[in-house]
Structure formats: C-alpha cells, structure tokens
There are 2 protein chains.
Amino acid sequence: MKRPCGVLLDLSGVLYVGEERLPGAREAVERLLEAGMPVALITNTTRSPRRAILEKLRRLGFDFPPDLLFTPSQAVRNELEATGTKAYMLIHPNLREELGDLEGPPFEAVVVGDAGEAFTYANLNRAFRLLMEGCPLLAMGRTRYFREPDGLSLDVGPFVAALEYAAGVEAVVLGKPAEAFFLAAVRVLGCEPPEVVMVGDDVDSDVIAARQAGLQALLVRTGKYRPGDDEKAKRYGAGTVDDIRAAVEEILR
Amino acid sequence: MKRPCGVLLDLSGVLYVGEERLPGAREAVERLLEAGMPVALITNTTRSPRRAILEKLRRLGFDFPPDLLFTPSQAVRNELEATGTKAYMLIHPNLREELGDLEGPPFEAVVVGDAGEAFTYANLNRAFRLLMEGCPLLAMGRTRYFREPDGLSLDVGPFVAALEYAAGVEAVVLGKPAEAFFLAAVRVLGCEPPEVVMVGDDVDSDVIAARQAGLQALLVRTGKYRPGDDEKAKRYGAGTVDDIRAAVEEILR
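Caption draft 1: Expanded view of helix 2 (residues 50–59) of chain A. All names here are of chain A. Residues of helix 2 that are buried: Arg-50, Ile-53, Leu-54, Lys-56 and Leu-57. The arc that holds the buried residues of helix 2, viewed along the axis, is 160°, so those residues lie on one side. Residues of helix 2 that are buried in the fold lie against strand 2 (16–17), strand 4 (39–42), strand 5 (69–70), helix 3 (72–83) and helix 4 (96–99). The first or second residue beyond helix 2 is Gly-61, which carries a positive phi of 95°.

Caption draft 2: The pattern of salt bridges, seen in detail. Residue and element names in this part refer to chain A. This structure, assessed with the given rule, holds 40 salt bridges over all chains. Put simply, Asp-243 and Arg-245 hold a salt bridge, and the shortest N to O gap is 2.9 Å. Among the residues examined, Arg-245 registers a relative accessible area of 42% and is labelled partly exposed. Beyond isolated ion pairs, a larger network of salt bridges with shared partners links Asp-10, Lys-176 and Asp-206.

Caption draft 3: How the structure looks around the relation of the copies chain B and chain A. Note on the identical chains: chain B maps onto chain A by a rotation of 180° and an axial translation of 0.0 Å, with an RMSD of 0.0 Å. Considering both components of the superposition, the chain copies are consistent with a two-fold axis. Interface overlap between copies: 100% of the residues of chain B at the interface are likewise at the interface in chain A, consistent with a symmetric, same-surface contact.

Caption draft 4: Expanded view of the pairing of strand 13 (residues 216–220) of chain A. Residues and elements named next belong to chain A. The element strand 13 is largely enclosed, with a buried count of 5 among its 5 residues. The alternating pattern of strand 13 places Gln-216, Leu-218 and Val-220 on one face and Ala-217 and Leu-219 on the opposite face, and all of these are buried. By the bridge criterion, 4 bridges tie strand 12 (residues 196–200) to strand 13 in an arrangement that is parallel. Considered in strand 13, the bridge of Val-197 is made with Gln-216.

Caption draft 5: Layout of helix 8 (residues 203–212) of chain A. All names here are of chain A. Helix 8 sits mainly inside the fold: 7 of its 10 residues count as buried. Summarising the contacts, the buried residues of helix 8 are in contact with helix 7 (179–189), strand 12, strand 13 and helix 9 (229–235). At the N-terminal boundary of helix 8, the capping side chain belongs to Asp-202, with an oxygen 2.9 Å from the backbone nitrogen of Asp-204. Two residues or fewer after helix 8 comes Gly-214, characterised by a positive phi angle close to 95°.

Caption draft 6: Here's a closer look at the packing of helix 1 (residues 25–34) of chain B against helix 10 (residues 244–252) of chain B. Residue and element names in this part refer to chain B. Packing of helix 1 against helix 10 brings their axes to within 8 Å, and their N-to-C directions diverge by 20°. Taken as axis vectors, helix 1 and helix 10 run roughly parallel relative to one another. Crossing hand, helix 1 versus helix 10: left-handed. Of the residues in helix 10, those touching helix 1 at Ala-25, Ala-28, Arg-31 and Leu-32 are Ile-244, Arg-245, Val-248, Glu-249, Ile-251 and Leu-252. Taken together, the residues of the contact of helix 1 with helix 10 break down into 7 nonpolar, no polar and 3 charged.

Caption draft 7: Up close: the interface of chain B and chain A. In this assembly, 31 residues from chain B lie in contact with 31 residues from chain A. The largest per-residue losses of area from chain B upon contact with chain A belong to Tyr-121, Leu-154 and Tyr-165 of chain B, which jointly make up 30% of the total buried on that side. Scanning the region where chain B abuts chain A turns up 2 salt bridges. Here chain B is connected to chain A by 20 residue pairs in polar contact (both at pLDDT 80 or more).

Caption draft 8: Representation of the nonpolar core in the model. With 137 residues, the main nonpolar core has Leu-8 of chain A together with Leu-8 of chain B as its most contacted residues. Sequence-distant contacts of Leu-8 of chain A, that is, excluding residues within four places in its chain, are made with Ala-40, Ile-42, Phe-182, Ala-185, Val-186, Leu-189, Val-196, Val-197, Met-198, Val-199 and Leu-215 of chain A.

Caption draft 9: Quick peek at unusual backbone geometry. Between Lys-176 of chain A and Pro-177 of chain A the backbone carries a cis peptide bond, its omega angle lying at 10°. If you trace the backbone, Pro-177 of chain A turns up in the loop between strand 11 (172–173) and helix 7.

Caption draft 10: Quick look at the packing of aromatic side chains. Summed over the entire model, instances satisfying the criterion amount to 8 aromatic pairs over all chains. By way of ring pairs, the aromatic residues Phe-119 and Phe-159 of chain A together with Tyr-121 of chain B are connected into one cluster.

Caption draft 11: Fine view of the sheet that holds strand 13 (residues 216–220) of chain B. All names here are of chain B. Pairing in this open sheet of 6 strands is parallel, and the strands run 5-4-1-12-13-14 from one edge to the other. Of all the strands in the sheet, the pair left with one neighbour each is strand 5 (69–70) and strand 14 (239–241). In the packing of helix 8 (residues 203–212) onto the sheet, contacts are made with strand 12 (196–200) and strand 13, and the angle to strand 13 comes to roughly 160°.

Caption draft 12: Inspection of the sheet that holds strand 8 (residues 137–139) of chain B at higher detail. Residue and element names in this part refer to chain B. The sheet built from 4 strands is open, its strands ordered 6-7-8-11 with parallel pairing. Single-partner strands in this sheet number two, and they are strand 6 (88–90) and strand 11 (172–173). The sheet contact formed by strand 8 and strand 11 spans 2 bridges and is parallel. By the bridge assignment for strand 11, Ala-139 is matched with Val-173. Where helix 5 (residues 121–132) meets the sheet, it contacts strand 6, strand 7 (110–112) and strand 8, and its direction lies at approximately 140° from that of strand 6.

Caption draft 13: Summary view of the environment of Gln-212 of chain A. Residues and elements named next belong to chain A. By the secondary structure assignment, Gln-212 is in helix 8. On the basis of relative accessible area, Gln-212 is assigned to the exposed category, the value being 56%. In contact with Gln-212, other than residues within four places in its own chain, are Glu-179 and Tyr-236.

Calculation rules
Residues numbered from 1 in each chain as written. Chains lettered and ligands numbered in written order. Predicted model: local features only at pLDDT ≥ 70, side-chain atom pairs only at ≥ 80, totals over all residues. Heavy atoms only, no water. Buried < 20%, exposed > 50% of the residue type's maximum accessible area, 1.4 Å probe, protein only. Helix = DSSP H or I, 4+ residues; strand = E, 2+ residues; numbered from the N terminus. Arc of directions from axis to C-beta. Contact = heavy atoms within 4.5 Å. Salt bridge = Lys/Arg side-chain N within 4 Å of Asp/Glu carboxyl O. Least-squares fit on C-alpha atoms with pLDDT ≥ 70 in both. Pairing = 2+ DSSP bridges. Polar contact = N/O pair within 3.5 Å; in protein donor to acceptor, adjacent residues only side chain to side chain. Axes fitted to C-alpha atoms, helices over the stretch in contact; angles between N-to-C directions. Parallel < 35°, antiparallel > 145°, perpendicular 65-115°, else oblique. Left-handed = near helix turned anticlockwise from the far one by under 90°. Nonpolar A, V, L, I, M, F, W, Y, C, P; charged D, E, K, R; others polar. Buried area = accessible area lost by both parts, 1.4 Å probe. Core = buried A, V, L, I, M, F, W, Y, C linked by side-chain atoms within 4.5 Å. Phe/Tyr/Trp six-rings, centres within 6.5 Å; stacked < 30°, edge-to-face > 60°.

Below is the structure:
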C-alpha cells in the first residue's frame, strides 16, 4: 500500500463497541493525527444524533471537530432542504432532536433510519402506505446488522429491504454504501478517492462500497466481522487486518 | 377457457374483506357447487388458526369441510413433524393454539407467518440471531400485502425479505407461491394441474404462482387488486374478471 493522502474511519466496531473503547484505538488514532494524516469519520449510525456521537467520542477519549463527522442524518437534511420536502420519519426517538423539524405533514417522502424498537408493525405499515401513494423512500444506509455487546442486531438495511419488497420500489440511499456519501468525506480531506483508505468492520457497507466509490479499503477483524468476510473483501481488492492498531500500522508503513 | 376439472379459491379479497362478504360471493360459490365442480380453498392467511377460518366462513354463509381448506400452518406442521424439528415461531398470537406445541426450545428452525403486531424489533432480532446460527427459515408465504377495511397492510412477505437480507439466507416457502402447496390442493380435487383454475386477488401469490405451478388462473378486481395487476396477469397467460361472480360465470361457461 502506497502511503495514502487521507483516511476515513468507521466508528462502531472500529473505535468502540457499545460503550467500550476497543483496545489500542485511542493510541492508533493519535498516531495517525500526529503523523499529519487527514482523518474524517464516516458512520451509518442513526440511533444517536450527531451531538451525542461527538459527545460519546469525547467521552471515550477521541476529540474530533464536528465538520469531520459524516452521518446519514446530515445527508437527509441536505436532501430534504434542497427539495423543500417534509417527510414521514421512521427513525429512532433519539434522532428526533436532529430531524424532527423536517417531519410533515405533509408527508412527501419516507425517511428510514435504524429506528430500533420504533420499527413497530404500525410504523412500518404507515411508511408502506405512503410509499404506495408514491412517496420516495430515503434510506439512511442499507447496513444489514451491527454488533451490540450481547450479539449481532438488525440495522436499517433489512427494514429498507422489507419496504422495497412490499411497495415494489427502490430506496435512495443517503449513507454508506452510497458513492456520494463517501465522496463528500473525501472532498473534505482534500484528497482524490484512490488516495484515501476507508477502514471499517462492515465488509459490505464499508469495504466493498468504498472500493466501488474508487477508494482503497481495509477491513478490521473487530465489531461485526465474521469469518469469511476477509475472503469477500479480498475479491474487491481490499485487505484485512486484526484491528484499528494494525490498520494504522499498515497505513503509516 | 375449456370447462375446468376443479377450482381453487383464495379467501380474503375474493370471498370477503375483513368481516364483510363480497357482493354475490355466496351465490357464486353455491353455483359452482351445484354445478358439481370440485372446489378447494387455498389461503395464505396466517393471522387466524384453521378453526377460526372455518368458523368465519360458516358465519359468512360458506360451509366447507376442513379437509378442503389448505393453509400454510398445516404445511408447517407437516414439515416440522416430518423432520422432528422444533422452531422459533414468529407468528400471530392467534396461531399459537395451532402451532404452539411445535415451538422450542430447542430452536432448530425459524417459522415466520403474518405476525402482525408481533413483528416487533425484539422478535425479529431473535429470529435473525437464530438464522445467523444456521437455523433454516420457513416462511408461511411471501405475500406482499393484503387489503384491510381501512387500506392495504403489510403481509408476511416483507418480513421474510427483511430476514433473508439480514442473514443472507433464502427462505423455504410453505404456502403460496410454493408449487408444492398448490399441487397438494390439486391432488385433493382429483384433477391434473392444467385442468384446475386458481381464482385470487393477488397477482403474484395467487395468479403468477399458480401459472408457474402449471394451473390456469383468474385474477379478480376485488380485495388488494390494483390497476396494472391485470396487465401483469396477462403476461403470464391469466385473465382478469371483475369479481368472484364473473369468475364463476367464466368457469361454468
């Protein structure tokens, strides 16, 4: 690997799991920054507002300026404001402080995030009926699952798949794996896509998606990593390392 | 259409919607039976046990013997008993009286029906984790939606799609549109598949699926029918008529 111009880091599963920082993660990020490497954060987490994500990072010892954090909620705001559209928000209660002002009526779009317990039959049915009336489906990612301290848990992707299947529509994705989402972060780093390395634990949404957007990528064996993911990453020209420490080692070599 | 040897009728959306019998439905079924036409019922409804479906039919003026009613719950029982398997049941509370004795532990399979309000995040996540451990996914249909008195509502299909997407697996379907499910009903009628007409309101699960199983099919413009479904039916060599009355007219002509 040629020394890159910049690095994109996924958060959950790379820097921490739940409230626990992963071993060596803080030191690894510090090494990157001390080496003068531009770093941005790119997450599909939509169970917390940006404010809470930044607070959590600080609490765990990572201090990043807000404009280096890329979240699907920001992409949704940009999209709805650009089109002057109000939406039905099938989102986590925690995200209402960030997107609540963009909720209708009128309902001219359906926005779906990782709503967690708010994925009730009634809420999904409401979204479905709006889709059948012609509202577009805006998805904050297609991630299949994430790692919680007690095991893997369903992320937003399966519910997007459910609504697509039910209404016979295709979602517009406003987080990873959308190419535009990666490229917005690459621009802030001041780099060209092939000179940027994405580091993540999700072989689909982080690694393969970054490769398809023209970036380099490294898969880590922490978080939601499962045996076999490394083979999948390899088929897309991406390497696999044990954790964020090994990733930084590789990047700065 | 050559006079068929037997007829398969879907229930909800063909004979009734909610608690309301569709106009002329009782007379139409009586005409079929008086003409000596063998008739069986084939439904994907998994919000009610067979007992309640038969009671509802009687209440609405249709009297059918139990062995002419084909339900996915029966197919699930046959499958689990044949393999001596206990399952995690992601089903409607009403269906527990029929399948509760086949619930684990141990959980060696995941059964998904139209669970309605029981499609909570916690229940879906539990099913997902069992699938990730290697349990097979048995789906009581892939139906996208059904008509309720106040509009269209999500059926089992979208939730099957969600679990398939999440766990990267493919469901074994034990209701419509599975070919075996149609053929079991055809056998009871004592007919060959090409001589049997399936009458339904679901262009995918009733009409196209029946055609793919080698049957004839008629789509009705009641229940969940939506404009454009008739064109889709036509591409699979199936006609469309206004309702069950017109279907019987066509069958007995």
